[in-house]
Every structure is written in structure tokens, then in C-alpha cells.
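# Reading the structure
Take a look at the letters that make up each chain.
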Amino acid sequence: MLFIRLQLAIGFFMPESQAILDESIIAMPIDNKNPNWRSSTKMVHGGTTRSPFGETSEALFLTQGYIYDSAESAEARFMGEEEGYVYSRYANPTVSMFEERMCLLEGAEKAFATATGMAAVTAAIACQLSAGDHILAARALFGSCRYVCEKLMPQYGVECTLVDGKDINAWKAAIRPNTKVLFLESPTNPTLELVDIAAVADIAHEAGAKLIVDNVFATPIWQKPLELGADIVVYSATKHIDGQGRCLGGVILSDREWMDESLYDYYRHTGPSMSPFNAWVLLKGLETLTVRVQQQTNSAEKIAQFLFEHDDVNRMLYPGHPSHPQANFAAKQMIRGSTLIAFELKGGKRRSFAFENALRTVQISNNLGDAKSLITHPSTTTHKNLSDEDREELQITDGTIRLSVGLEDVDDLLEDIDKALIASA
Ligand SMILES: *Cc1c(COP(=O)(O)O)cnc(C)c1O
């Protein structure tokens, strides 16, 4: 019976599909924006457009350009009078699906996907600043973000001030009449301190400035900067959004007005766009983002508790743990902690290196958000270019270690960490 049905179906399908091939490229109608969907459903179906072939998985449109039916059509598209793609530096159907799905996740009106997280940060900052403007940023930033604020922007006549992000009065005191952009990360890298996003947003708005939040460490699952008052959110999609160590990527999210007025010309002409291939991989990453981040957070909570109780650990910092100096505030600003843990081992650099080298399941890498658990010694790697005073200010010591918790069985991770602590003692 099944066999006959199958034959019938094939017999029916063949000429039909041929007809579609010959005829048109009108996409199949699809429910891709149901407002009643909960977040993880949006991450599976949101933003999908389907070609006439009815593919289950999102199509990969690996194309640079697009063909027009006529010269008139080309003219109309360039005038913005006809809908359609023009060139993949501006937009691409696979990249659009990724952007649409990110908008649904973040609650943003519009998104632009970039080649890397740093392309997103640089574009979001540079597109809205001119010589004579002032940018105010938290001191505890991802190294390259700090370079963009502190070194690159001043090359173009933009003044920069860095403040202790935790200190709301320091933000207020540093505001100037020409302050246009405020920039922060929360939790910070690597020591997982929190910055009060809502309070900094108020300061920005009072000054007529925009607040950009780099939300990588919190993940889009556990913290919603736009709801807290931020104007622009940026991600390195390289991290949890891919989450499986394959592609670099980034994304900028905001309201339609800012995207159209501040970012539009910048990205079209400077070309930080995401490759369609990477957008396709990252779309598949979004399908599993919720379960991955939940599971990684479950494990991080257990490992944080283990490290907190361990005699060889001086200090353990995890935003979802009651011992975190801002634990109450963390519960207010974030839905849950993070997939990252910072801790300080007794015995400084020698012990930290011995510990890292003794790990077998956890791998040594400066990356984070991966399915594989990764460990970093910031003072000799990610933060080695900072001055001793800067490191001291950020409380990064020779014993500071950052752990990105992956998807392995948490008991295997705990055993690995326990054995390596013993072996390195
Ligand atoms: C990794 C990272 C970036 C940069 O992203 P890339 O994709 O590596 O360019 C920016 N900010 C934070 C917080 C990051 O962790």
C-alpha cells in the first residue's frame, strides 16, 4: 500500500517539479513569523523563506549577484522601486534568513549580518561617529573592541574615554557635550563583572547618545539588552550562535530608523557583509542555540559550585552563583548566568599552566561558546597586550583562568577538572 502511494506520489511529483523548474522562482508561502511562537520555535522556523522546491532545510544561495528580467527591472531595483536583491554585499537571501531569525530572537526591528564579530563592532561604532565626537566605553572590553575605541577611532579625530563600567557615577562624570556613543559588554571578559545596562542606557539617552551593547558573554538567550534600554546590540556569531567551532560571523541589531539612517550607507560601501555560506551554517546554529546554551549553563552552574568549594581556588566568579559580588543584580538583569566561569587558582602562572596542561577533556583555546569545553589563561593570551596596571584594574592575575563550558557530560568535565587540579598541585 505504502509502495503504491509512493509510486503515485513520485509519478505525480515529477512533471510538477519539472513545471516549476521551467516556470518561475516564486518562493513557496511559509509561516515564518508567527508572533505567538515561543523563542525556541522561532529559532527553528523564524525567517525561513522556501524556494519552489520545498526544501526542508534553509537553502544556501551561494551567489554574488542577481539577474534582472529587463533593463527596466534593473533600473527599478536600483531606484528602490522594485523589491529584490541587487548584490550580495548589500543583501543575500540566505543572509536575510539569518538576519530575520536574529531579529526574532533579539526583539529587534532590523539586523545586518557581518563577516566577523569585530566587523559588527567596528561598523556599529564607526558608522555613527565623526571627527570631534566622543565615545565613552567601559574599560573591561574584549581586546579588539578596546583597540577600536581606544586606538582606531582617535586616528579619525574621535575622542575616547574608558571608565570602570560597574561605577555608574563614573559614566555620568565622563559624559561630554560631544559624547555620541556609549559602549559596553556585560558580563565582562574575562572576570564576568556586570554593568547595569538600564542605568547606562538612561545616561546615554539623557545626553542624546546611543548605547551599544556587546552581548556575547550573556548570550541572546540569557540577556535582552534592547528590553533593558540599549539602542544597538552586537554579537560575535562566531561564539554561541555557531557554537560548533566552524564559521566566523557577527550581527548588528537595532531599530529600523537607526539601521536605515546610520548604518545603511556604511555597510553598503565598506563591505563587512557575511558570506552566504557562513549565514547558512549560522542559521543551523540558531536551530539548536536554545538547547545548547541551556545545557551548557546547567553544566556551568555545577562546575562553578565545584570550583567555589575547592581549596585550591582563591576566587570563583560566575554570575549565576550566590557568591558573585553582584549576584542580586545578576538575577535582575540576566535570566540565567552564562556558559563561562572565571576563577583564580592558588599558585599563579606556574600552577595555572600545569593545570591547563593536565586537562584531557577540556581543551586549551582562547575561543568560547563552543560545544567543546575550552580553557584560557587570559594574562598570557587574550589580555597579554594590556599594561600591568590595566590588568590589575581589571583584576586579571597570573592565576586567573577562564573556562567556557561545552556540551560534554558534566561528570566527565568535573572528573577532568578534579584530576587536573590534583595533578598540578
Ligand atoms: C569574540 C568576541 C568578539 C569578536 O568576534 P570575532 O567573531 O572573533 O570577530 C567581540 N566581542 C566579544 C565579547 C567576543 O567574545
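### Section: the site of the ligand
Around the ligand, 14 residues are found, and the nearest of them are Gly 117, Asp 214, Ser 236, Thr 238 and Lys 239. One of the side-chain nitrogen or oxygen atoms of Ser 236 is found 2.8 Å away from an oxygen atom of the ligand. Separating an oxygen atom of the ligand from a side-chain N or O atom of Lys 239 is a distance of 2.7 Å. Contact with the protein chains covers 92% of the free accessible surface of the ligand, which is 380 Å². Considered class by class, the residues forming the shell around the ligand number 6 nonpolar, 5 polar and 3 charged.

### Thoughts on the packing of aromatic side chains
All told, the structure shown has 6 aromatic pairs when counted by the stated rule. Ring geometry for Tyr 87 against Tyr 90: centres 6.0 Å apart, planes inclined by 75°, an arrangement best described as edge-to-face. Pairwise contacts between aromatic rings join Phe 112, Tyr 264 and Tyr 267 into one cluster. Directly above the aromatic system of Tyr 90 lies the positively charged group of Arg 268, at a separation of 3.7 Å from the ring centroid.

### Let's talk about the sheet that holds strand S4 (residues 179-185)
As summarised here, the arrangement of the 7 strands in space is S1-S7-S6-S5-S4-S2-S3, forming an open sheet in which the pairing is mixed. This sheet does not close on itself; its edge strands, each paired only once, are strand S1 (110-114) and strand S3 (159-163). With strand direction ignored, the average angle separating the axes of adjacent strands in the sheet is 20°. As judged from the 4 bridges shared by strand S2 (residues 134-138) and S4, these two strands associate in the parallel manner. The residue bridging His 134 from the neighbouring strand is Thr 179, located in S4.

### Brief notes about the pattern of salt bridges
Across all of its chains, the model carries 17 salt bridges by this definition. Between Glu 58 and Lys 284 there is a salt bridge, with its nearest N and O atoms 2.8 Å apart. Remark: Lys 284 occurs in helix H12 (residues 276-309) and Glu 58 occurs in the loop between helix H2 (39-45) and helix H3 (71-78); sequence separation between them is 226 residues. A salt bridge links Glu 301 to Arg 336; the nearest nitrogen and oxygen atoms lie 3.2 Å apart. Of the two residues, Glu 301 is situated in helix H12 and Arg 336 in the loop between helix H13 (327-333) and strand S9 (340-345); the sequence distance between them amounts to 35 residues. Owing to a relative accessible area of 32%, Glu 301 belongs among the partly exposed residues under this scheme. A single network of salt bridges, built from pairs that share partners, joins Glu 58, Arg 101, Lys 284 and Glu 287.

### Focus: the environment of Leu 345
Among the structural elements, Leu 345 can be located in strand S9. Leu 345 gets classed as buried once you look at its relative accessible area, which sits at 2%. The residues contacting Leu 345, other than those within four sequence positions of it, are Asp 312, Val 313, Asn 314, Arg 351, Ser 352, Phe 355, Gly 399, Ile 401 and Leu 421.

### Details of helix H14 (residues 348-358)
Among the residues of H14, Arg 351, Ser 352, Phe 355 and Glu 356 are the ones counted as buried. Along H14, the residues classed as buried sweep out an arc of 135° about the axis, all on the same side. Residues of H14 that are buried in the fold lie against S9, strand S10 (363-364), strand S11 (374-376), strand S12 (400-404) and helix H16 (410-424).

### Examining the confidence of the model for the protein chain
For the protein chain, the average pLDDT comes to 93, and 93% of its residues sit at 70 or higher. In the model, residues 1-25 has pLDDT below 50 throughout and makes 4 contacts with residues more than four positions away in sequence or in other chains.

### Focus: a negative patch on the surface
A cluster of acidic residues, Asp 409, Asp 411, Asp 412 and Glu 415, forms a negative patch on the protein surface. As for its placement among the helices and strands, Asp 411 is situated in helix H16.

### Let's talk about the side chain of His 377
Turning to its location among the elements, His 377 is positioned in the loop between S11 and helix H15 (388-393). Polar contacts involving the side chain of His 377 include one to the side chain of Thr 380, which spans 2.7 Å. With residues up to four places along the chain from it excluded, the contact list for His 377 reads Lys 349, Ser 352, Phe 353, Glu 356, Asp 398, Thr 400 and Ile 401.

### Comments concerning the sheet that holds S11
On the basis of which strands lie adjacent, the open sheet formed by 5 strands has the order S8-S9-S12-S11-S10 and mixed pairing. Pairing within the sheet leaves two strands with one partner each, and these edge strands are strand S8 (313-317) and S10. Of the strand pairs in this sheet, S11 and S12 are connected by 3 bridges, and their pairing is antiparallel. Note on S12: the bridge partner recorded for Thr 376 is Arg 402.

### Thoughts on the nonpolar core
The biggest cluster of nonpolar side chains holds 29 residues, and the ones touching the most others in it are Ile 125, Phe 183, Ile 212, Val 234, Ile 252, Trp 258 and Leu 263. Within the residue set of this core, elements represented by two or more residues are helix H5 (117-126), S2, helix H6 (143-155), S4, strand S6 (232-236) and helix H11 (256-270). In terms of residues, this core owes the most to one element, H5, which gives 6 residues. Not counting the four nearest positions on each side in its chain, Trp 258 is found in contact with Ala 124, Cys 127, Gln 128, Lys 210, Ile 232, Ile 252 and Leu 263.

About the criteria used
- Residues numbered from 1 in each chain as written.
- Predicted model: local features only at pLDDT ≥ 70, side-chain atom pairs only at ≥ 80, totals over all residues.
- Heavy atoms only, no water.
- Near = heavy atom within 4 Å.
- Polar contact = N/O pair within 3.5 Å; in protein donor to acceptor, adjacent residues only side chain to side chain.
- Areas by Shrake-Rupley, 256 points an atom, 1.4 Å probe, with all protein chains shown as cover.
- Nonpolar A, V, L, I, M, F, W, Y, C, P; charged D, E, K, R; others polar.
- Phe/Tyr/Trp six-rings, centres within 6.5 Å; stacked < 30°, edge-to-face > 60°.
- Lys NZ or Arg CZ within 6 Å of the ring centre and 35° of its normal.
- Pairing = 2+ DSSP bridges.
- Helix = DSSP H or I, 4+ residues; strand = E, 2+ residues; numbered from the N terminus.
- Axes fitted to C-alpha atoms, helices over the stretch in contact; angles between N-to-C directions.
- Salt bridge = Lys/Arg side-chain N within 4 Å of Asp/Glu carboxyl O.
- Buried < 20%, exposed > 50% of the residue type's maximum accessible area, 1.4 Å probe, protein only.
- Contact = heavy atoms within 4.5 Å.
- Arc of directions from axis to C-beta.
- pLDDT = per-residue confidence, 0-100.
- Patch = residues over 30% accessible without salt bridge, like charges linked within 9 Å, V, L, I, M, F, W, Y side chains within 5 Å.
- Lys, Arg positive; Asp, Glu negative; His and termini not counted.
- Charge placed at Lys NZ, Arg CZ, Asp CG, Glu CD.
- Core = buried A, V, L, I, M, F, W, Y, C linked by side-chain atoms within 4.5 Å.

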